[in-house]
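# Structure at a glance
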Amino acid sequence: MEIIYTNKEFDKREIYKHTRAASVSLKDVKDGTKIAPVEVCIYADTNSKGEDVTITSIMDADGNHYATNSRFLREELKYLLDLMGDEFFEIIIRKPVSKGGRTFVTCELA
């Protein structure tokens, strides 16, 4: 496992929570759900099939943990974190359908 990005400095316990503790998959979250990201950790790992994956882990203001391997959400969230800096903000989870008919996870500023 390799940490690629965090929005703050994490101690070992926080790294564990983001990379190993139970989290809700964003593919299981309802379209339109609002989340206030407080901690974000993007890391590279290997899945159970032996494939390299990049995971985005989010802890919200209520302490709930969410995770996804969606490139679209990762890129948009990173952009929002860079744009908003230390300012509090919320995201809305979006699940559009691609031209190929596949649903994917992304987000937008609330």
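Presented here is a report on the structure given in the accompanying data block. (Residues numbered from 1 in each chain as written. Predicted model: local features only at pLDDT ≥ 70, side-chain atom pairs only at ≥ 80, totals over all residues. Heavy atoms only, no water.)

Attention now moves to the pairing of strand 4 (residues 37-46). A regular strand places its side chains on the two faces of the sheet in alternate fashion. With 7 of 10 residues buried, strand 4 is to be regarded as a mostly interior element. Sheet topology note: the strand 1 (residues 2-6)/strand 4 ladder contains 4 bridges and is antiparallel. The residue bridging Glu2 from the neighbouring strand is Ala44, located in strand 4. Of the strand pairs in this sheet, strand 4 and strand 5 (residues 52-60) are connected by 9 bridges, and their pairing is antiparallel. (Buried < 20%, exposed > 50% of the residue type's maximum accessible area, 1.4 Å probe, protein only. Helix = DSSP H or I, 4+ residues; strand = E, 2+ residues; numbered from the N terminus. Pairing = 2+ DSSP bridges.)

Before going further, it helps to examine the pattern of salt bridges. Applying the stated rule across the entire model yields 7 salt bridges. One salt bridge connects Arg71 with Glu75, and the closest N-O pair in it is separated by 3.6 Å. Note that Arg71 and Glu75 are positioned in helix 2 (residues 71-84) at a spacing of 4 residues, about one turn of the helix. Judged by its relative accessible area of 44%, Glu75 is partly exposed. (Salt bridge = Lys/Arg side-chain N within 4 Å of Asp/Glu carboxyl O.)

Turning to the layout of surface pockets, a few remarks are in order. Empty space among the atoms becomes visible once a probe the size of a water molecule is rolled across them. Of the voids in this model, the largest pocket is the one considered here, and its volume is about 390 Å³. Looking at the largest pocket, it is lined by 14 residues, and the ones nearest its centre are Lys27, Thr68, Asn69, Ser70 and Val105. Contributions of two or more residues to the lining of the largest pocket are made by strand 6 (65-68) and helix 2. (1 Å grid on protein atoms, 1.4 Å probe; cavity = no way out; pocket = protein on both sides within 12 Å on 5 of 7 lines; lining within 4 Å. Points joined across faces, edges and corners; volume = space filled by probe spheres on them.)

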